[in-house]
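Examining the three-dimensional arrangement
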Amino acid sequence: MNKKKIGLTVLATLIIAIFAVIALMPFFFLFISSFKPGSEMIRNGLQFKFDFENYSLVNYGLINTERDGIYKKWYVNSIVIMILQVGTGLFFSSLVGYGLAKYRFKGRNTMFILVLMVMMVPVEILILPLYKEINALKLIDTYAGVILPFIVPATGIFFFRQFASGLPTEIMESGRIDGCGEFGIFFKLMMPIMLPAYGAMTILLAMGSWNSMVWPMIVLRTSEMQTLPIGLQSLLTPYGNNYDLLLSGAVMSVLPILIIFLLNQKTFIAGMAAGSVKG
Amino acid sequence: MSKQTDIQKKGTKKAGKIRMIKLAPYIFTAPFVIYFLLFFIYPITDTIKTSMSQQVGFAPPKFSGFANYKLLIDDYFIMATQNSAIYTFFTCLILIPLPLLLAVLLDSKFVVRSELFKSALFIPALTSVVMAGLFFKYAFSSNPNALMNAFVGVFGIPPQGWLEKRTTTWIVLVLFCVWKWLGVNIVYYLSALQMVSKDLYEAAMIDGATAWERFIHITVPGVKPTIIYVLTISIYGGFSMFAEAFTLFNSARTPGDIGATIVSYIYAQGFNRNNFGIASAAGIVLLAGVLIINIIQLRITDPVGKNND
């Protein structure tokens, strides 16, 4: 290795390392702060100062004790909503995406343009009419109310369409010759081949569900029904303020998604990229 | 005789199969059609209707034409639109070139342990906006010893009340967004870079092109579809931004509306003030803007494709 090459290696690695440190900084500071009284952070902001002798696990105890373990209820709600949302989302969007990719039918291109349109319109624009709709269906403060407006995710359709387009059509032909029905072909032959796409989409949808705030905040009214993001956010309001639980709760709320990511990094990054390349 | 019915049977079975093949795509895509009508067309028509009617007390809404749209043009809405536009502009300005440069670096073999860095850079995208908001709110605290004030102090800049002024609030929100999405865009660009032919680089090297020339003339055109994709999602994300501002200020309303965005305007008018008519009018304006951008984007990229079969 010549000198120039070593210099470039050091410089490039250093630049990337700086950005990586910035990326991880919030986790580090909030983790450290979660061992100190929340009021300290509220008053003084986050500071580059570590007085380890004052650290304690008091905030983590509140997860069990605060309001009869309300935090654990939020956790359970988040998990249940995530499972329902990911399950229904995967099922419907793969069905539609596959249909769009593998069949030629009247209205196919129009439908795909509509999918793109839904993808492009921010849901936030529709929060008022959707609220009225969910209210009319008497689904306010229910899991179903949170899930229903996102039950056929357009991004999922787009993703599965892109993926299925690349799969050999011969599989369908041979399935037909073997006497498989069209749905048999999908469920028995294509679904297994599409597993990587399901993997990537699972993480993507799970992430969206786990972290979503605005819509659940509108639908879920009582504290017992709330999910982690809105529950935690409610701890910041003048009424429910409990900054100690806020800190430990925020740290605990990132853990599952972080673990899932660290275990499936390759699938995740590859899957995420696959949806974007052929836009 | 039995042979004949057999053939007949086979014939009808085959016909049934062909019919099924014709019918299947409609069944496969039916969930989307139902969803589209119930949770897209219906809410949008309802928004249009509400935006053109006025409700006073408990009386049934009355048609009011464009009255709500005229009411829309007040300082609050203009503040919100400006904030969203400026925020979107600056996030695009940073989040399109910067991740591309970093992706090229990560791809260049000069970066040691690049896999580890890729993961680290991606992690912000996994965090909930509540947790990230907590960090940004208190790292940018007005306390002179708080992280950001300590940092700018190194350059001789006096401590700021970051979330008390409009311009500094923009800075916080843009940094928030860059922090969250940088890694995701890097991932997009990295996968696009794999598609750029290595031969081109080698040919350019032989011709004596500099690294910068190779970047501008080979890399940038090579990843153009991804640049357009990133631009589109950035515009989309920029104009629909709300949760970030909400977590920083704990409310859809902010003092002096410094943190107001178009969506927080819709939320505040609708849910805090029960001005459904004005909120809906704002929604339609935003929708129109987004659709125009989409049509332009669809024109440029042509995702349906003429050779897509």
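If you're wondering where the values come from, they're calculated on a predicted model, not measured in any experiment. What you see as residue numbers is a count from 1 along each chain, following the sequence as written. Starting at A for chains and at 1 for ligands, labels are handed out in the order in which the entities are written. A pLDDT threshold of at least 70 governs which residues receive local features in this predicted model, and a stricter bar of 80 or more applies before side-chain atom pairs are shown or counted, although totals over entire chains, interfaces and linings include all residues. Side-chain calculation: all heavy atoms of the structure are included, whereas hydrogens and water are not.

1. Quick word on the overall build of chain A
Secondary structure elements are taken from DSSP: a helix is a run of H or I of four residues or more, a strand is a run of E of two residues or more, and numbering for both begins at the N terminus. Each helix and strand counted, chain A has 15 helices and zero strands in total. Each radius of gyration is computed over the set of C-alpha atoms, and the globule rule expresses the reference value as 2.2 Å times the number of residues to the power 0.38. On C-alpha atoms alone, chain A measures out to a radius of gyration of 23 Å, which is more than a quarter above the 19 Å that the 2.2 N^0.38 rule sets for 279 residues. If one aligns the C-alpha atoms of chain A with their principal axes, the spans along those axes are about 75 × 70 × 35 Å. Each residue is assigned to one of three classes by its accessible area relative to the maximum for its type, calculated with a 1.4 Å probe on protein chains only: buried under 20%, partly exposed between the two thresholds, exposed over 50%. For chain A, buried positions account for 53% of its 279 residues.

2. Describing the interface of chain B and chain A
Taken together, the 92 residues of chain B in the interface contact 102 residues of chain A. When a carboxyl oxygen of Asp or Glu is within 4 Å of a side-chain nitrogen of Lys or Arg, the pair counts as a salt bridge. Joining chain B to chain A, the criterion identifies one salt bridge. Measuring nitrogen to oxygen at the nearest pair gives 3.2 Å for the salt bridge that ties D46 of chain B to K132 of chain A. Under this definition, polar contacts are N or O atom pairs within 3.5 Å; protein pairs additionally need one hydrogen-donor-capable and one acceptor-capable atom, and for neighbouring residues in sequence, both atoms have to be side-chain atoms. The tally of links from chain B across to chain A stands at 16 residue pairs in polar contact (both at pLDDT 80 or more). When residues of the side of chain B that touches chain A are assigned to their parent elements, the largest contribution, 23 residues, is made by helix α1 (residues 2-51) of chain B. Classes in brief: Ala, Val, Leu, Ile, Met, Phe, Trp, Tyr, Cys and Pro nonpolar; Asp, Glu, Lys and Arg charged; the others, Gly included, polar. Taken together, the residues of the side of chain B that touches chain A sort by class into 68 nonpolar, 20 polar and four charged. Any two residues having at least one pair of non-hydrogen atoms within 4.5 Å are treated as being in contact.

3. Focus: the domain arrangement of chain A
Interfaces are often described in size by the accessible area the parts lose on coming together. All names here are of chain A. Assigned domains within chain A: domain 1 (24-56) and domain 2 (65-277). On a C-alpha basis, the centres of domain 1 and domain 2 stand 33 Å from each other. Contacts between the two partners involve eleven residues from domain 1, matched on the other side by six residues from domain 2. When the buried area of domain 1 at its contact with domain 2 is split by residue, S34, G38 and I42 rank highest and sum to 48% of it. Our count for the contact surface shared by domain 1 and domain 2 stands at zero salt bridges. At the boundary of domain 1 with domain 2, the tally comes to one residue pair in polar contact (both at pLDDT 80 or more). Among the elements of the structure, α1 (3-33) and α2 (38-44) are those that each provide at least two residues to the side of domain 1 that touches domain 2. For the side of domain 1 that touches domain 2, a count of residues per class yields six nonpolar, four polar and one charged. All the domain ranges listed were derived from an automatic or database domain assignment. Buried area, as used here, totals the accessible surface that two parts lose on assembly, with accessibility defined by a 1.4 Å probe and the loss added over both.

4. A word on the pattern of salt bridges
Residues and elements named next belong to chain A. Tallied over the entire structure, the rule returns six salt bridges over all chains. Between E182 and R176 there is a salt bridge, with its nearest N and O atoms 2.8 Å apart. With respect to burial, E182 and R176 carry one shared label: buried. Bridged by salt links that share partners, the residues E173, R176 and E182 form one connected network.

5. Overview of empty space enclosed by the protein
Residue and element names in this part refer to chain A. Residues are said to line a cavity or pocket when one of their atoms sits within 4 Å of a point; the points come from a 1 Å grid over protein atoms alone, cavities being sets where a 1.4 Å probe fits but cannot get out and pockets being open sets with protein on both sides within 12 Å along at least five of seven lines. Grid points are joined across faces, edges and corners, and a volume is the space filled by probe spheres set on the points. The tally for this structure, following the rule as stated, stands at six cavities of 30 Å³ or more. If you add up the space inside the second largest cavity, you get close to 150 Å³. Around the second largest cavity, the lining is made up of 14 residues, and of these S33, K36, E40, G45 and Q47 lie nearest the centre. Contributions of two or more residues to the lining of the second largest cavity are made by α1 and α2. Counted by class, the lining of the second largest cavity contains seven nonpolar, four polar and three charged residues.

6. Quick look at the packing of helix α3 (residues 75-95) of chain B against helix α13 (residues 262-272) of chain B
All names here are of chain B. The axes are straight lines fitted to the C-alpha atoms, using for helices just the contacting stretch, and the angles between their N-to-C directions are given from 0 to 180°. For the pair α3 and α13, interaxial distance at closest approach is 7 Å and the crossing angle is 145 degrees. Here Y76, F77, A80, T81 and S84 of α3 lie close against α13, whose contacting residues are I262, S264, Y265, A268 and Q269. A breakdown of the residues in the contact of α3 with α13 according to their chemical character gives six nonpolar, four polar and no charged.

7. A short note on the packing of aromatic side chains
Here a Phe, Tyr or Trp ring, Trp counted by its six-membered ring, pairs with any other such ring whose centre lies within 6.5 Å, and the pair is stacked when the planes are under 30 degrees apart, edge-to-face when over 60, and tilted otherwise. If you walk through the whole model with that rule in mind, you get 46 aromatic pairs over all chains. Aromatic side chains F29 of chain A and F48 of chain A sit 6.1 Å apart centroid to centroid with 55 degrees between the ring planes, which places their arrangement in the tilted category. Here F29 of chain A is found in helix α1, whereas its partner F48 of chain A is found in the loop between α2 and α3 (58-65), with 19 residues between them in sequence. Measuring from ring centre to ring centre gives 5.4 Å for F186 of chain A and F28 of chain B, while their planes differ by 65 degrees; the resulting arrangement is edge-to-face. Taken as a pair, F186 of chain A in helix α10 (residues 182-193) and F28 of chain B in helix α1 lie in two separate chains rather than in one. Residues F186 of chain A and F28 of chain B agree in their burial class; the two are buried. Taken together, F27, F28, F29 and F48 of chain A together with F135, F136, F140, W162, F176 and W179 of chain B form an aromatic cluster joined through their ring pairs. Against the face of Y76 of chain B rests R253 of chain B, its NZ or CZ located 3.9 Å from the ring centre. Put simply, a charge is over a ring when the Lys NZ or the Arg CZ is close to the ring centre, within 6 Å, and near the line of the ring normal, within 35 degrees.

8. Topic: the domain arrangement of chain B
Residues and elements named next belong to chain B. Domain boundaries assigned for chain B yield domain 1 (14-63) and domain 2 (70-301). Using only C-alpha atoms to locate each centre, domain 1 and domain 2 end up separated by 32 Å. Residue-level contacts link six residues of domain 1 with six residues of domain 2. Between domain 1 and domain 2 lies a buried interface of about 460 Å² when both sides are counted; carbon and sulfur atoms form 82% of it. If you look at where domain 1 meets domain 2, you find zero salt bridges. Scanning the region where domain 1 abuts domain 2 turns up zero residue pairs in polar contact (both at pLDDT 80 or more). Per-element tally for the side of domain 1 that touches domain 2: the top contributor is α1, with five residues. For the side of domain 1 that touches domain 2, the residue count by class is two nonpolar, four polar and no charged.

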